[in-house]
Amino acid sequence: MKTGLTDQNWIRRAYIVLAGFAVLAAIIFLTATVARDLRELESASSDNVQWTISQTEVEFLEFTKQLTVVASDPEERLSQMRRRFDVFYSRIDTLQSASVYSALQQQPGYATALNAVRQFLDETVPLIDSDDETLRAGLPALVERAERMRPTVRKIANVALDYFATEADRRRQVFAETLLQLAILVIILILVLALAIYYLRRLNLQNMTRQREIEQSAERMTTVIETSLDGVIVGDTLGNILAFNAAAENIFGYKSEDVLGKALGPLIVPDHLMDAHSKGMRRLRRGGERHVVGKGRVELEGKRANGEIFPIELAVQAANTDAGEIFIAFLRDISASVKAEKELISARDQALAADRLKTDFLATMSHEIRTPLNGLLGNLSLIQDTNLNAQQLRYIQNMETSGQLLLRHVTDVLDISRYDVGQLELRKVPLDLDALIQAIADNQSGMAAANHTQIDWSWIGKPQNWVLSDPDRLQHILMNLVGNAVKFTHNGRVSITAEVVAERDDDVEVQFSVTDTGQGIADDLKSRIFDDFVTGTTAYDRKVGGTGLGLSIARRFATAMGGDISVESAVGRGSTFSVRLPLTPTEPVVTSKIPKAMQGVPSIGLRILIVEDNEINRAVVRGMLHADGHTTMEAFDGAAAVEMTANTPFDLILMDISMPVMDGRSATRAIRNGGGKCADTPIVALTANAMAAEQEAFIQDGMNDILIKPLSRPALQDLLRHIAAEKNAAEAEVLDDENQNQNEMREILGEEAYDGLKRQFLGEVEELHLWLRDVQAHDLTEIAGRCHKVAGSAAVFGLTQYREALITIENAAKAESQDDIKLGVSALPTVWEQAKVRL
């Protein structure tokens with residue numbers, strides 16, 4: 001009650017003060033306004049200005065009068081006339097430059113008349129300032145000009161007098177309005193005072209009503225607290241309990257009458273938290289930092305009367321009362337919610353684990369499916385090199401087509417899974433958009449021709465050829481859109497366009513559009529055309545094949561690249577698919593891994609190590625390599641490959657990634673760091689894992705290139721041509737050294753002796769090759785000895801490669817490795833044919 005009366009008195013005093021300030025401000029404002037208007041009505045300044053203007057006309061008349069006198073009486077002195085001219089000139093100058101006349105400058109006719117008079121004066125000044133004789137000669141003309149100027153001077157005075165008369169009327173009107181405003185304000189002030197009296201009375205009644213409401217609210221609050229489902233405990237700064245509601249009794253197991261006035265801590269705070277509670281209460285009493293009070297809800301542990309420890313949710317607020325500061329704690333037993341949360345977290349973790357397991361399963365299955373597919377497609381490729389009749393060839397080609405289709409489905413499913421779990425990674429490399437789009441158009445030109453459809457592409461506006469982007473993802477998007485357009489268009493046209501639609505600081509936004517004149521897409525299908533497994537039932541029906549994943553994957557790729565994809569279509573009029581992607585311009589670079597100058601280099605016989613744990617895949621790779629005239633050795637795991645490459649040189653190592661004992665990445669690092677004979681040999685990854693990030697990791701491990709399973713024979717042949725070209729370049733330097741050695745031998749021995757030694761060497765080689773045909777029948781020591789002997793002769797003639805081939809057989813014989821001996825003997829004729837050319 002006391003607090004309510006205090007608030008009421010304070011409000012009244014505040015209102016009186018504000019009303020007094022309002023009345024004082026109004027009086028000051030009116031006083032200032034009246035004083036301003038009275039100053040404006042003062043006539044002294046205005047009369048002086050008007051007198052000056054009237055005097056200007058008088059001075060002009062005096063000047064013309066004196067001018068007439070001088071003109072009629074030649075003996076009259078000119079000085080009086082000049083003085084009158086100067087006075088009139090001064091008056092005009094004052095009218096033109098003084099600030100009090102600036103308002104007159106805006107009056108119609110005044111400024112024109114004033115400028116005309118000023119021009120008259122400026123033209124007369126030279127004559128006035130001339131000698132007496134010249135002045136007298138010009139007086140007749142001056143008199144005539146002055147007479148013409150008389151109306152103009154009169155106009156200046158008339159305009160000015162009219163202006164000042166009007167201005168005086170305006171000021172009187174303003175003053176009258178100010179007085180009227182003053183009267184209105186007085187009436188308003190009287191009304192305000194009346195309203196103030198009414199308001200104060202009403203405020204007093206409201207305060208009395210509010211006081212009753214506060215008392216009722218306090219009673220209701222007490223009822224709410226007592227019936228609250230949350231425990232409410234009120235305590236003082238000493239930690240003693242002042243209030244303990246029914247919910248708190250249920251939560252902690254105490255009766256209110258048993259705990260009132262007792263210390264809070266020993267009753268509800270667990271023993272292991274008592275020390276922290278006591279320190280907090282002491283810090284609170286000293287006015288220190290409050291860790292819990294006013295910090296919102298906090299999760300802690302509580303103790304029941306039976307000693308049970310359980311989780312609680314706690315919120316504490318402070319309030320000031322006449323008895324001092326009190327603290328209100330709201331507590332809730334959250335045992336059930338904590339248990340449910342733990343179960344939910346466990347369920348979430350299980351779901352995430354299941355999702356990761358699904359992703360890992362798909363990745364593993366992708367690898368496992370690609371591995372037999374590699375064997376299947378590789379063997380089909382090898383079979384096509386054998387003698388087949390037309391029917392068998394057709395069957396083989398159908399099988400290969402089905403295998404490639406299965407591979408695409410596996411890749412699509414894996415890409416969707418990676419995107420959905422956020423593991424779809426992009427790689428940005430320099431990319432020629434012209435070459436990419438042209439390659440896609442060329443790829444689809446065969447199907448377009450079969451459908452009697454024309455396909456073309458062009459840039460709209462300025463082209464942006466070279467950009468940084470993920471070529472695989474972008475090619476997938478455009479290939480899918482163009483492929484669909486060609487597939488569903490017969491006897492029509494498919495147009496591909498590219499356009500830079502926006503330019504930013506470092507990026508450009510490029511829109512790729514694929515427009516066809518095909519059947520179009522129905523309205524009900526356009527909204528879900530980018531969903532999974534949507535193939536359509538009208539325009540996109542089952543007359544053509546497809547899983548319905550192409551467009552959904554294209555949408556995922558476009559989104560992952562920071563762009564979007566859309567479609568506009570009408571049934572019977574065709575469709576336009578548009579892809580907008582942010583791309584980064586870059587400088588043109590050479591993107592082909594194999595220079596054009598090397599692409600035509602024929603593949604020479606290479607010594608190649610195949611590191612692969614799958615027997616079928618080894619057979620496929622071996623078959624492809626042997627068909628092209630290469631020799632191979634094989635290792636079943638990475639550890640065996642490291643051991644073999646330590647002492648045996650190879651031209652190329654094809655390294656599988658996932659293998660037992662030692663994987664391909666570890667084996668590559670070991671070979672590079674081992675310092676063996678293959679430390680610098682090209683190592684190419686042969687893997688079913690096509691993720692961009694892991695491919696970059698392969699390169700960082702020391703691999704030179706990557707071949708993706710299922711192995712494509714053209715891709716393998718391109719790689720081998722590249723390796724062969726590099727080997728040819730290296731052997732060209734060796735050949736120069738060998739030719740130099742042979743020339744030196746000719747000079748030392750003479751031509752005849754040199755030819756005799758060469759014939760003897762050729763005979764030794766032919767004899768050795770015949771003897772090695774039945775290598776299994778010979779003793780290993782004898783094989784090593786005979787190869788060592790001929791290797792020495794080869795060194796004399798500078799045949800380095802042939803010598804190394806013989807030493808390889810020698811080392812294999814000493815190691816008692818029959819397989820390595822057979823491999824070395826099988827490769828020997830090819831190496832010899834190359835060496836014999838150099839003799």
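Refer to the structure above for everything that follows.
What this report covers is the structure whose coordinates are included nearby.

Looking now at helix α4 (residues 110–128). Here α4 is 19 residues long and its end C-alpha atoms lie 26 Å apart, about the 27 Å a rise of 1.5 Å per residue gives. Along α4, the residues classified as buried are Y110, A111, A113, L114, V117, R118, F120, L121, T124, L127 and I128.

With that settled, the discussion passes to a nonpolar patch on the surface. A cluster of nonpolar residues, L180, I184, I188 and V192, forms a patch on the protein surface that exposes about 340 Å² of accessible area. Secondary-structure assignment places V192 in helix α5 (residues 132–227).

This part takes up the sheet that holds strand β17 (residues 705–708). Taking strand neighbours across the sheet as the criterion, the five strands line up as β14-β13-β15-β16-β17 in an open arrangement whose pairing is parallel. A strand with exactly one partner marks an edge of an open sheet, and here the two such strands are β14 (631–635) and β17. Strand-to-strand twist in this sheet, taken as the mean axis angle between neighbours without regard to direction, amounts to 25°. Sheet topology places strand β15 (residues 652–656) next to strand β16 (residues 683–687); four bridges connect them, and they run parallel. Residue pairing in the sheet places D656 in a bridge with L686 of β16. Each of β13 (607–611), β14, β15 and β16 touches helix α17 (residues 615–627); the most contacted strand, β14, lies at about 165° to it. The sheet strands contacting helix α19 (residues 664–674) are β15 and β16, and the helix crosses β15 at an angle near 150°.

Before going further, it helps to spend a moment on the packing of helix α24 (residues 800–814) against helix α25 (residues 818–836). Look at α24 against α25: their axes get within 9 Å of each other, and the N-to-C directions meet at 170°. The angle between α24 and α25 falls in the class roughly antiparallel. Where α24 crosses over α25, the two elements pack in a sense that is left-handed. Residues Q801, Y802, A805, L806, I809, A812 and A813 of α24 form the contact with α25, whose participating residues are D820, I821, G824, V825, L828, V831, W832 and A835. Of the residues that constitute the contact of α24 with α25, the class distribution is twelve nonpolar, two polar and one charged.

Turning next to the packing of helix α18 (residues 638–647) against α19. Axis angle and axis distance: for two packed helices, these are the angle between their axes and the distance between the axes, and together they describe the pair. At a minimum axis separation of 9 Å, α18 and α19 run at an interaxial angle of 15°. Viewed along their axes, α18 and α19 adopt a mutual orientation that is roughly parallel. As α18 runs across α19, the sense of the crossing is right-handed. Across the interface between the two elements, G638, V642 and T645 of α18 pack against A667, A670 and I671 of α19. Per-class residue counts for the contact of α18 with α19 are four nonpolar, two polar and no charged.

Note: strand β11 (residues 564–570) against strand β12 (residues 574–585), seven bridges, orientation antiparallel. Counted as the bridge partner of V567 is F577 from β12. Between β11 and β12, which pair antiparallel in sequence order, lie three residues; one of them, G572, sits at a positive phi of approximately 90°.

All right, on to the pattern of salt bridges then. Where charged atoms from two side chains of opposite charge come close, those side chains can pair. According to the stated counting rule, one finds 22 salt bridges in the structure shown. For the salt bridge of D718 with R721, the shortest nitrogen-to-oxygen distance reads 2.1 Å. Of this pair, D718 and R721 both sit in helix α21 (residues 713–749), three residues apart, which is roughly one turn of the helix. Among the residues examined, R721 registers a relative accessible area of 24% and is labelled partly exposed. In this structure, a network of salt bridges that share partners links the residues R304, E308 and D333.

Attention now moves to the side chain of T64. Tracing the backbone shows T64 in helix α2 (residues 44–72). Accessibility expressed as a relative area gives 4% for T64, which makes it buried. A polar side-chain atom of T64 sits 2.8 Å from the main-chain carbonyl oxygen of L61. When near neighbours in sequence (up to four residues on either side) are disregarded, T64 contacts A146 and R150.

Those residues of α18 not exposed but buried are G638, A641, M644 and T645. Angular distribution of buried residues about the axis of α18 spans 120°; they occupy a single face of the element. In this structure, α18 carries E643 and N647 as exposed residues pointing more than 90 degrees from its buried face. Contacts from the buried residues of α18 go to β13, β14, β15 and α19. For α18, the side-chain oxygen to backbone nitrogen distance between the N-cap and A639 is 3.0 Å, and the N-cap itself is D637.

This part is about the packing of aromatic side chains. A complete count under the given rule lists six aromatic pairs for this structure. Summarising the aromatic geometry, the rings of F761 and W832 are spaced 5.9 Å apart at their centres and angled 70° between planes, so their arrangement reads as edge-to-face. Here W832 lies in helix α25 and F761 lies in helix α22 (residues 751–772), a separation of 71 residues in the sequence. The class for W832 is buried, based on a relative accessible area of 5%. Measuring from centroid to centroid gives 4.9 Å for Y802 and W832, while their planes differ by 50°, and the two rings are tilted. You can see Y802 sitting in helix α24 and its partner W832 sitting in helix α25, a full 30 residues away along the chain. Connected via pairs of aromatic rings, a cluster forms that spans F761, Y802 and W832.

So, about the sheet that holds strand β3 (residues 298–303). Neighbouring strands of a sheet are bound in pairs by backbone hydrogen bonds; such pairs are parallel or else antiparallel. Taking strand neighbours across the sheet as the criterion, the five strands line up as β2-β1-β5-β4-β3 in an open arrangement whose pairing is antiparallel. Looking at the sheet topology across the chains shown, the edges are occupied by β2 (241–244) and β3. The average angle at which neighbouring strand axes cross in this sheet is 35°, direction not considered. For β3 and strand β4 (residues 309–321), the ladder comprises six bridges, and the chain directions are antiparallel.

Let us now look at unusual backbone geometry. Even without a glycine there, the phi angle at H452 is positive, about 55°. With respect to the secondary-structure elements, H452 resides in the loop between α12 (433–450) and β7 (454–460). Its relative accessible area of 59% is what places H452 among the exposed residues. Of note in the backbone geometry, N491 takes a positive phi value of approximately 55° without being a glycine. Inspection of the secondary structure assignment puts N491 in the loop between α13 (471–487) and β9 (493–503).

What counts, and at which threshold
- Residues numbered from 1 in each chain as written.
- Predicted model: local features only at pLDDT ≥ 70, side-chain atom pairs only at ≥ 80, totals over all residues.
- Heavy atoms only, no water.
- Helix = DSSP H or I, 4+ residues; strand = E, 2+ residues; numbered from the N terminus.
- Expected span 1.5 Å × (residues − 1).
- Buried < 20%, exposed > 50% of the residue type's maximum accessible area, 1.4 Å probe, protein only.
- Patch = residues over 30% accessible without salt bridge, like charges linked within 9 Å, V, L, I, M, F, W, Y side chains within 5 Å.
- Areas by Shrake-Rupley, 256 points an atom, 1.4 Å probe, with all protein chains shown as cover.
- Salt bridge = Lys/Arg side-chain N within 4 Å of Asp/Glu carboxyl O.
- Pairing = 2+ DSSP bridges.
- Axes fitted to C-alpha atoms, helices over the stretch in contact; angles between N-to-C directions.
- Contact = heavy atoms within 4.5 Å.
- Parallel < 35°, antiparallel > 145°, perpendicular 65-115°, else oblique.
- Left-handed = near helix turned anticlockwise from the far one by under 90°.
- Nonpolar A, V, L, I, M, F, W, Y, C, P; charged D, E, K, R; others polar.
- Polar contact = N/O pair within 3.5 Å; in protein donor to acceptor, adjacent residues only side chain to side chain.
- Arc of directions from axis to C-beta.
- Phe/Tyr/Trp six-rings, centres within 6.5 Å; stacked < 30°, edge-to-face > 60°.

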